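This is what each chain is made of:
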Amino acid sequence: QLHLVESGGDSVHTGGSLRLSCSASGFTLEAYTVGWVRQAPGKEREGISCIYSTDGDTFYADSVKGRFTMTRDSAKNTFYLQMNDLKPEDTAIYFCAADTFASTSRSMCVEFSAFFPSTGQGTQVTVSS
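Being a predicted model, the structure only gives us computed values, none of them experimental.

1. Describing the state of the cysteines
1) Next: Across all of its chains, the model carries 2 disulfides by this definition.
2) Next: The residue that forms a disulfide with Cys-50 is Cys-109, at a sulfur-sulfur distance of 1.9 Å. Sign of the S-S torsion, about 65° for the bond between Cys-50 and Cys-109, identifies this disulfide as right-handed. Residue Cys-50 is located in strand E5 (residues 46–51), and its partner Cys-109 is located in helix H1 (residues 109–112); the two are separated by 59 residues in the primary sequence.
3) Next: When its relative accessible area of 0% is taken as the criterion, Cys-50 is described as buried.
4) Next: For Cys-109, a relative accessible area of 0% translates into the label buried.

2. Quick look at the environment of Phe-68
1) Next: Inspection of the secondary structure assignment puts Phe-68 in strand E7 (residues 68–73).
2) Next: For Phe-68, a relative accessible area of 2% gives the class buried.

3. Focus on the pattern of salt bridges
1) Next: Enumeration according to the criterion identifies 6 salt bridges in this entry.
2) Next: Across the pair Asp-90 and Arg-38 runs a salt bridge whose closest N-O atoms are separated by 2.9 Å. Of this pair, Asp-90 sits in the loop between strand E8 (78–83) and strand E9 (92–99) while Arg-38 sits in strand E4 (residues 33–39); the two residues are 52 residues apart in sequence, bridging distant segments of the chain.
3) Next: Judged by relative accessible area, which is 0%, Asp-90 ranks as buried.
4) Next: When the shortest N-O distance is used, the salt bridge between Asp-57 and Arg-106 registers 2.5 Å.

Reading the values: rules and limits
- Residues numbered from 1 in each chain as written.
- Predicted model: local features only at pLDDT ≥ 70, side-chain atom pairs only at ≥ 80, totals over all residues.
- Heavy atoms only, no water.
- Disulfide = S-S within 2.5 Å.
- Helix = DSSP H or I, 4+ residues; strand = E, 2+ residues; numbered from the N terminus.
- Buried < 20%, exposed > 50% of the residue type's maximum accessible area, 1.4 Å probe, protein only.
- Salt bridge = Lys/Arg side-chain N within 4 Å of Asp/Glu carboxyl O.

Spatial relationships are all this shows, so hold off on functional conclusions.
The following block contains the structure:
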């Protein structure tokens, strides 16, 4: 059974950095497309990054491209989100998610990750100016 637990959220100032972790169990990372999703107060879930299952290619939403880096560690069955140059608009609860997503348009995993299952409580990221 798929199980995901997020950690690493904190409160930082504009320009700060954080590294989020997602510990996965019940499946192997290479078999699933995994992603990071965030939800700000009063807003819908937004997929911000994903790693495609078969080849490990990584894709990002325009809002985080160049600032955030997503990686996976198969040996630890864990994936990460390194967030640099944080902005107040990055304030949200961050969730990790996974799905057997497959598409000829692999970059679509970013958008679709908002609908992937996530089982954790999320981790709060707050960025103040």
